[in-house]
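Coordinate analysis (summary)
Listed below, chain by chain, are the residues.
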Amino acid sequence: MADAITEPWGGRTPYGPGGDWPVRVDVQLADGVRAEDVDDWVPTAAVLHSNGDGLDIAVKDGRMVGVRGRADDRVNHGRLDPKDRFGWQAGASPDRLTMPLVREGGELVEATWDEAMSRVVGRSKELLDERGPGSLGFYTSGQLFAEEYYTLAAIGHGAIGTNHMDGNTRLCTATAAAALKESFGCDGQPASYTDVDHADVIALFGHNVAETQSVLWTRMLDRLAGPNPPALLCVDPRTTPVARAATVHLAPLPGTNVALMNGLLHEIIRNDQVDHDYIERHTVGYPELVRQVADATPESVADVCGVPPSKIREAARLLDGASRLLSTVLQGFYQSHQATAAAVQVNNLQLIRGMLGKPGAGVLQMNGQPTAQNTRECGADGDLTGFRNWANDEHVAELARLWNLDPLQIPHYAPPTHLMQMLRYAENGSIRFLWVSATNPAVSLPELARVRSILAQDRLFLVVQDVFRTETTELADVVLPAAMWGEKTGTFTNADRTVHFSGKAVEPPGEAKPDLDIFLDYARRMDFRDRDGNPFPSWNDPESAFEAWKAASAGRPCDYTGLTYAKLRATGGIQWPCNEEHPDGTERLYADGKFFAQPDYCESYGRDLLTGAPREPDEYRAMNPDGKAMIRPAEYLRPHEPPDEDHPFALITGRTLYHFHTRTKTARAPELHRAEPEVWVEMSEKDARAQGIDEGGLAEITTARGRVRARVRLRDIRDGVLFLPFHYGYWDTDGTPDRAANELTPTDWDPASKQPIFKTGAAAIRRAEP
Amino acid sequence: MKLPLRELHRAESSLARFLYELSDRHRAEHEVHHVARDLAEWSREHVRDLAEAGNRYGLSLRAGAPASSGPLAPARRKVSELTGRRPEPGLLLLADLRRLHRRTAGVSLDWELLAQGAQAVKDRDLLELAQRDHPQTLRQLKWSNAMLKTLSPQVLATLSA
Ligand code: SF4
C-alpha cells in the first residue's frame, strides 16, 4: 500500500468521461489490529475538511482503532485522505478536556458542571436584565452537527433574541454562501461532485483542491489518467499540484481576481461564445455585464494582474471551447480582496455559457469546513434558519410560528451580526458575553494581537466549549469540555449537499458531553419557554433535534423532510433537497433553469458587491420579478494594502495538506504532526537571492501588525509574493507570539460576504538569526 | 451649464474630503474605514470627469480632488484608536453617517439637475457623463443608509442600558 503521507493521493484508478469512478477502499488500522478483530464499524464521514468522505470508524474494546472508506459512498467511493486516515487518533490523546474549568484568582481550575453552568447562566441572566439581549453573542464552528447548530440558532435567535450569532465558517465559506445568494437568490451548491466524471474542462479558481479536498483531487487525477481527459484551468499565484497538472495556469497578483475575471469574461463575450438562448430565458442582468467588461481587454487587465494578455486569451479559449464546463472556487478568491465580486464572476461565467444543471456543467462554490453547510442552513452563522430571508417579514413570522415565539422576539432589523462586527462590539464594550464553541479565534482570526486584547478584557465574560485546551480557552472565564466526532450522534452535510449520518462509536472521556447536551442544558437552566409556557427548545436528544430541524427545513430549498436517521445510516450519503418529490435526494439544482430566486421565496435580496449595502425588497422585486438567475457585474478596485517601499511583498496565507483548523486535532495525530511540525514561508528563488536568504534558512516576516519567524522554502511562486500556512499557533511552543500567520494579517473584510481578507497584505522579509 | 457644473464639482470634492475624514475619524470601525476610502475614490473620479467637462464650457475646475482628509489625518486616526474601547464614539459615528447621508443626497440631486440641463441643451456627452457617474453616487447613498441601519440598534440599545 502507498504511504499516505508521501503519496497522499494514492494509486490511480483511471476512468473515462461519463464512466463510474472505480471503487478503491482505503483502510487504516492501529498497529497490530486486523480487520477481523474489529468489534464494530460505525458509520460517519470526514470532519477534517469539507469533502465529506464517507467512512466507518473501527471500534475494538470500546476504543477507536481505525477507519475505513465506505465503498458505497457517493463522495469518495471508498477513499480516504491523509487527515481522515490518521486524524481519528486525536480523540484518545491524554490531554483531552475532561472536566469544566472556571477562572479563580486569575487561574483556570477544575469545577463541576453545576458550578460552571451556574456561572454561565448567572452572567447571562444579569446581562439580559441589565443590558438586554444585544450584550450577548455566540460564535460557533464549522465542525459541529446540524442538530447542534439548529439548537444553538433556536436558543440565540429565538429564546435569547440576540442578533449576534456567527460561525467560523465566516473565515472559510461566507463568500461561497454570499456568491450563491447573489447569483441564484439562495445558498446551496448548484453542482455535484459527479460533475467531475463528465466535464471536459474543469476550471479551478483559487482552489488548491489537491491539498484542501484531496479525495476530490484523486477523482480528478483519475479522470486525467483515463481516456479523453478533461483540460484544467488553474488560477493561483502559486504553482500548486493543480497548477502543474493544468493545461493553462494563470498566476495573478494577489488582490486582482476581479480584474482577471473581467478580462476572461470580456474575451468570451467578444468571441460571442455565449448561450444567448439560456441568457434570454433564465437570467437577468446580462446587458450590464457586457457594459462592465467592455473595456476589460486582455491588454488592459494584464498589467493589473501581472498576467500576459496572451495567457488570458489562451485561458478564455479553453473556457470558450468547453461543452461541459465545471468551475470550482475556494479560498484564493474567498479570502482575497473583492471576494464576493470575484466569486460571483465565476457564476456569471457559468450563466452566460449556459453551463448549469446538466452533467459536467456546473459550479461548485466550495466550503472550507466539513459542516459549514449546516452552520448556514440551520441559521447559526449570520443567516436565518432554513435559508429564511431576514428582510422578509413573512419568513420571520413563519419561523416564529415554528418556534411558537413572538415574531418581535426574533431580531430582524438588520442582517444577523457577522463575527468581525461582533468582535468590534466586544471591543467597544457593548457585547459583554461571548460563547465560543469548537473554534479557536485566538489563532484563526486576523491581527492576533488585537484579538487577544479583546478576548482578554475583564468586562467580557468568555465561555469556551471545546475538546482540548487551546490558545482561546486560556483567555476564558469558563471552559466546557465537549465530546468530539465519534463520541456523539448527529448528521452533517458537505459542500455538494450530501448529508451523512455520524454515529457514536465510543464514550467521551471524563465528564465531556456532546455539544447538543451542553446547549440544551443551558436552555433548561435558563428556563426558556415558548408562548404557551412550554420548555424551549422542545427537543431533547439528537433524533428529536433532527426531527425538529426537518420540520424547520420543510418547503425550503434545503428540504430534509425525506431523510431519517435509519435511511441515512443505511446509505452512503444523500443530497438535499430530499423530500416526497425527491425521495433519493437531488443530484443537481437548477436542472430546469428554475431558481430559488422568486422575491417571496429567495433567501436574500442581495447586496451591492462593492459597498455591501443590502438591496431593498422593492428593488429586488423590480429587478427580478420572475426569480431568474442574476448576472451581476463588478468593477475592479485597488487592494487596500498594496506592497510599498517598507513592505515590498504581497503576503498570502493558506491551508496545507496535513493540517486543519489551528492543528488542535491534526497535530495530535503523530503521522500528521511529523509530516509538517513547523511553520514555513514560501518564496521564489529570485526574491530569496535578492534578499540573501537560503533554502531552509530562518527568516523574519513583518507587516504593520506583527512578525513571524519561519524557515524558508524556495518554491515556484510568483516573484513578489510570500506564502505562509496559517494553522500554527502557540499551544505546542514556548508561547512567544511569532509563529502564527495571523499575527500579520490586517483587520479588513469583504463588505458583501464579511469574510476576512487573509490573502492581500503587504509584508517585508529578511534573514533572521536563530 | 456652468452653474450646475461648478456646483457639482464643489460638492463632489467636498464629499470626497468628508469620506476621508469619516474614514480617519472612525479608524477603529474597520468596515467604515475601508469602504469610505473606496467610495472617496469614486468621488475623486467624478471630480476629474467634471473638470474635463467644465473645460468644454470654458470653466477651469481643478481635476484633482483631495486624496486624504488633510493634515489632521494622523491625529484623527489616533483619536479613533485611543477611544476604540469606549462606547461614545458610536454616537459620533451615527452622527457622521447621518451627515454623510444628507451630503450625498445633495450630490445626487445635483447630478439629477445636471442631467436635466444636459438634456435641455442637448449635450450628449454631458448626459452620458451623468448617466455613468450618478449611479455610483446612488450607491454611496445606499451605503450610508445601510450602515446606519445596521449599526444603530446596537449603539442605541447599549447607550440606553
Ligand atoms: S482553518 Fe481552514 S477550514 Fe478552518 S476556518 Fe480556517 S480556512 Fe476554514
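Treat the numbers as computed from the prediction; the structure is a model and nothing was measured. (Residues numbered from 1 in each chain as written. Chains lettered and ligands numbered in written order. Predicted model: local features only at pLDDT ≥ 70, side-chain atom pairs only at ≥ 80, totals over all residues. Heavy atoms only, no water.)

**Some words on the sheet that holds strand S1 (residues 27–29) of chain A**
All names here are of chain A. As summarised here, the arrangement of the 4 strands in space is S1-S4-S3-S2, forming an open sheet in which the pairing is antiparallel. At either end of the open sheet lies a strand with only one pairing partner, and these are S1 and strand S2 (40–45). Along the sheet, successive strands turn relative to each other by an average axial angle of 25 degrees, direction set aside. As judged from the 6 bridges shared by strand S3 (residues 54–60) and strand S4 (residues 63–69), these two strands associate in the antiparallel manner. By the bridge assignment, Lys60 is partnered in S4 with Arg63. (Pairing = 2+ DSSP bridges. Helix = DSSP H or I, 4+ residues; strand = E, 2+ residues; numbered from the N terminus. Axes fitted to C-alpha atoms, helices over the stretch in contact; angles between N-to-C directions.)

**Let's talk about the sheet that holds strand S7 (residues 136–140) of chain A**
All names here are of chain A. Taken in spatial order, the 7 strands of this open sheet run S6-S5-S17-S16-S15-S7-S8, and their pairing is mixed. At either margin of the open sheet sits one strand with a lone partner, and together these are strand S6 (107–110) and strand S8 (165–167). Pairwise comparison of adjacent strand axes, ignoring direction, gives a mean angle of 20 degrees for this sheet. Strand direction decides the pairing type here: strand S5 (residues 101–104) and strand S17 (residues 478–481), joined by 2 bridges, are antiparallel. Along S17, the bridge assignment pairs Val102 with Val478. Strands S5, S7, strand S15 (433–437), strand S16 (461–466) and S17 of the sheet are contacted by helix H2 (residues 113–130), whose axis makes an angle of about 130 degrees with S17. (Contact = heavy atoms within 4.5 Å.)

**Concerning the packing of helix H1 (residues 2–25) of chain B against helix H4 (residues 89–120) of chain B**
All names here are of chain B. Packing of H1 against H4 leaves a shortest axis separation of 10 Å and a crossing angle of 160 degrees. Classified by the angle between their axes, H1 and H4 sit roughly antiparallel to one another. The handedness of the crossing between H1 and H4 is left-handed. Touching Pro4, Leu5, Glu7, Leu8, Ala11, Glu12, Ser14, Leu15, Phe18, Leu19, Leu22 and Arg25 of H1 are Leu92, Asp96, Leu97, Arg99, Leu100, Arg103, Thr104, Val107, Asp110, Trp111 and Leu114, all from H4. Across the contact of H1 with H4, the residue classes break down as 14 nonpolar, 2 polar and 7 charged. (Parallel < 35°, antiparallel > 145°, perpendicular 65-115°, else oblique. Left-handed = near helix turned anticlockwise from the far one by under 90°. Nonpolar A, V, L, I, M, F, W, Y, C, P; charged D, E, K, R; others polar.)

**Points about the UniProt feature "domain: 4Fe-4S Mo/W bis-MGD-type" (unreviewed entry) in chain A**
Sites flagged by UniProt as "domain: 4Fe-4S Mo/W bis-MGD-type" (unreviewed entry) map to residues 39–95 of chain A. A helix fraction of 11% and a strand fraction of 35% characterise residues 39–95 of chain A, whose end C-alpha atoms lie 26 Å from each other. (UniProt positions renumbered as here; feature names shortened; annotations may be inferred.)

**Thoughts on the nonpolar core**
Residue and element names in this part refer to chain A. Formed by 226 residues in total, the largest nonpolar core has its most connected members in Phe205, Ile352, Phe433, Trp435 and Tyr522. Excluding residues within four positions of it along the chain, Trp435 makes contact with Val120, Gly137, Phe138, Tyr139, Val463, Gln465, Leu480, Ile518, Phe519 and Tyr522. Grouped together as the second largest cluster of nonpolar side chains are 21 residues, Trp680, Ala699, Ile701 and Ala741 included. (Core = buried A, V, L, I, M, F, W, Y, C linked by side-chain atoms within 4.5 Å. Buried < 20%, exposed > 50% of the residue type's maximum accessible area, 1.4 Å probe, protein only.)

**Quick word on H2(A)**
Residues and elements named next belong to chain A. Its 18 residues give H2 an end-to-end C-alpha distance of 26 Å, which sits within 8% of 26 Å, the value for a rise of 1.5 Å per residue. Looking at H2, one finds that the buried residues are Trp113, Ala116, Met117, Val120, Val121, Ser124 and Leu127. Summarising the axial view, the buried residues of H2 lie within an arc of 130 degrees, below the 170-degree limit, and thus occupy one face. The outward face of H2, more than 90 degrees from its buried face, is lined by the exposed residues Asp129 and Glu130. One or two residues past the end of H2 sits Gly132, with phi positive at roughly 85 degrees. (Expected span 1.5 Å × (residues − 1). Arc of directions from axis to C-beta.)

**Regarding the interface of chain A and chain B**
Interface size, as often reported, equals the accessible area lost upon joining of the parts. Listed as interface residues are 36 residues of chain A and, on the opposing side, 26 residues of chain B. In this assembly, chain A packs against chain B so that about 2700 Å² is buried in total across both faces, 47% of it on carbon and sulfur atoms. When residues of chain A are sorted by the area they lose upon contact with chain B, Tyr413(A), Arg424(A) and Thr611(A) head the list and together hold 19% of the total. Applying the counting criterion to the chain A and chain B interface returns 6 salt bridges. Between Arg139(B) and Glu635(A) there is a salt bridge, with its nearest N and O atoms 3.2 Å apart. Where the side of chain A that touches chain B is concerned, the elements lending two or more residues are helix H18 (419–427) and helix H20 (448–455) of chain A. Among the elements that make up the side of chain A that touches chain B, the one with the highest residue count is H18(A) (4 residues). For the side of chain A that touches chain B, the per-class residue count stands at 12 nonpolar, 11 polar and 13 charged. (Buried area = accessible area lost by both parts, 1.4 Å probe. Salt bridge = Lys/Arg side-chain N within 4 Å of Asp/Glu carboxyl O.)

**Observations regarding the side chain of Arg556(A)**
Summarising the element assignment, Arg556(A) is placed in the loop between helix H22 (542–553) and helix H23 (565–570). Within the local environment of Arg556(A), its side chain forms a polar contact with the backbone oxygen of Gly386(A), the two atoms lying 2.8 Å apart. (Polar contact = N/O pair within 3.5 Å; in protein donor to acceptor, adjacent residues only side chain to side chain.)

**Quick notes on the domain arrangement of chain A**
All names here are of chain A. In terms of domain boundaries, chain A breaks down into domain 1 (2–92), domain 2 (101–172 + 371–466 + 475–560), domain 3 (174–366 + 596–630) and domain 4 (649–767). Domain 1 and domain 4 are separated by 30 Å when their C-alpha centres are compared. Taken together, the contact pairs 11 residues of domain 1 with 13 residues of domain 4. With both chains or domains summed, domain 1 and domain 4 bury close to 1100 Å², and 70% of this area falls on carbon and sulfur atoms. By the criterion of area lost to domain 4, the three top residues of domain 1 are Ile5, Leu48 and Lys83, representing 44% of everything that side buries. Across the contact surface, domain 1 and domain 4 share 0 salt bridges. For the interface between domain 1 and domain 4, the tally reads 3 residue pairs in polar contact (both at pLDDT 80 or more). (Domains from an automatic or database assignment.)

**Some points on the pattern of salt bridges**
Inspection of the entire model under this criterion finds 69 salt bridges over all chains. Asp26(A) is paired through a salt bridge with Arg24(A); the nearest N and O atoms lie 3.0 Å apart. Taking the relative accessible area as the measure of exposure, Asp26(A) reaches 6% and is therefore buried. Assessed through its relative accessible area of 17%, Arg24(A) is described here as buried. Across the pair Arg132(B) and Asp49(B) runs a salt bridge whose closest N-O atoms are separated by 3.7 Å. Of the two residues, Arg132(B) sits in helix H5 (residues 124–159) while Asp49(B) sits in helix H2 (residues 30–56), which places them 83 residues apart along the sequence. Here the salt bridges share partners, and the residues they tie into one network are Glu700(A), Arg707(A), Arg709(A), Asp738(A) and Arg766(A).

**What about the pairing of strand S23 (residues 680–683) of chain A?**
Residue and element names in this part refer to chain A. In S23, alternate side chains face the same way, and those of Trp680 and Glu682 on one face and Val681 and Met683 on the other are all buried. Here S23 runs beside strand S25 (residues 707–714); their pairing, made up of 4 bridges, is parallel. Across the sheet, Met683 pairs through a bridge with Leu714, a residue of S25.

**A few points about H20(A)**
Burial in H20(A) covers these residues: Leu448(A), Arg450(A), Val451(A), Ile454(A) and Leu455(A). In an axial view of H20(A), the angular spread of the buried residues amounts to 155 degrees, which keeps them on one side of the axis. Along its buried surface, H20(A) packs onto H18, S15, helix H19 (441–444) and S16 of chain A together with H2 of chain B.

**Looking at the environment of Gln465(A)**
Residue and element names in this part refer to chain A. Following the sequence through the fold, Gln465 ends up in strand S16. You can call Gln465 buried: its relative accessible area is 0%. Along the sequence, Gln465 and Trp435 sit 30 residues apart, while their C-alpha atoms lie 7.7 Å from each other. Those residues in contact with Gln465, other than ones at most four positions away along the chain, are Trp435, Val436, Ser437, Ala438, Leu480, Ala482, Asp515, Ile518 and Phe519. Within the local environment of Gln465, its side chain forms a polar contact with the side chain of Trp435, the two groups lying 2.9 Å apart.

**Structural notes on the pairing of S5(A)**
All names here are of chain A. Bridge count for S5 against S6 is 4 bridges, and the pairing is antiparallel. Looking at the pairing, Arg103 lines up with Leu108 of S6. Hairpin connection between S5 and S6: a loop of 2 residues separates the two successive antiparallel strands, and Gly105 in this loop has a positive phi of roughly 50 degrees.

**Some remarks on the packing of aromatic side chains**
All names here are of chain A. For the structure shown, the criterion picks out 26 aromatic pairs over all chains. Relative to Trp549, the ring of Tyr150 lies with its centre 5.6 Å away and its plane at 50 degrees, an arrangement referred to as tilted. Of the two residues, Tyr150 sits in helix H3 (residues 146–160) while Trp549 sits in helix H22, which places them 399 residues apart along the sequence. With a centroid separation of 5.9 Å and an interplanar angle of 15 degrees, the aromatic rings of Phe433 and Phe461 are classed as stacked. Placement of the pair is Phe433 in strand S15 and Phe461 in strand S16, with a sequence separation of 28 residues. As far as the burial class goes, Phe433 and Phe461 line up, both buried. (Phe/Tyr/Trp six-rings, centres within 6.5 Å; stacked < 30°, edge-to-face > 60°.)

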